[in-house]
Amino acid sequence: NFEKGTYTVSTTSVCNISIHEENSNYLFLQKQNVNQFTFTLEEDKNLHFKFFNDNVPYTVGKVQIEKGSQATHYEQYKEIY
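Below or above, wherever it landed, is the structure these notes cover. (Residues numbered from 1 in each chain as written. Predicted model: local features only at pLDDT ≥ 70, side-chain atom pairs only at ≥ 80, totals over all residues. Heavy atoms only, no water.)

**Considerations on the overall build of the chain**
And then number 1: Scanning the chain for helices and strands turns up zero helices and four strands.
And then number 2: When the helices and strands of the chain are read in sequence order from the N terminus, they spell out β-β-β-β.
And then number 3: Expected size for 81 residues packed as a compact globule is a radius of gyration near 12 Å; at 13 Å, the chain falls within 12% of this value.
And then number 4: In terms of overall dimensions, the chain has C-alpha extents of about 35 × 30 × 25 Å along its principal axes.
And then number 5: For the chain, with 81 residues in total, the buried portion stands at 28%.
And then number 6: Accessible area for the chain stands at about 5,900 Å²; split by element, carbon and sulfur atoms hold 45% of it. (Helix = DSSP H or I, 4+ residues; strand = E, 2+ residues; numbered from the N terminus. Rg over C-alpha atoms; globule rule 2.2 N^0.38 Å. Buried < 20%, exposed > 50% of the residue type's maximum accessible area, 1.4 Å probe, protein only. Areas by Shrake-Rupley, 256 points an atom, 1.4 Å probe, with all protein chains shown as cover.)

**Notes on the pattern of salt bridges**
And then number 1: Overall, the coordinates contain three salt bridges when judged by the stated rule.
And then number 2: Glutamate 21 is the partner of lysine 45 in a salt bridge, and the nearest nitrogen-oxygen pair spans 3.1 Å. Linking lysine 45 in the loop between strand S2 (27-41) and strand S3 (47-52) with glutamate 21 in strand S1 (residues 5-21), this pair joins segments that are 24 residues apart in sequence.
And then number 3: Among the salt bridges present, the one from glutamate 43 reaches lysine 45, with a minimum N-O distance of 3.7 Å.
And then number 4: By relative accessible area, glutamate 43 is classed as partly exposed at 49%. (Salt bridge = Lys/Arg side-chain N within 4 Å of Asp/Glu carboxyl O.)

Below is the structure:
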């Protein structure tokens, strides 16, 4: 669940990105041939992200989705128990 606010999506390689609302075919946002962009939610939403490209082999690099309007240095996700 993403809370209302601004988010930045970044990847370490150029790819296509589509964002859909959960349990819906509604396309919330789509970007092509990017490695970074910012979007704003006016209300809380459950979102699903799809990262893809036309290259073979298929690679999109490392992905980071973070709150705010600036991409920061990539940090590997760490689960805290």
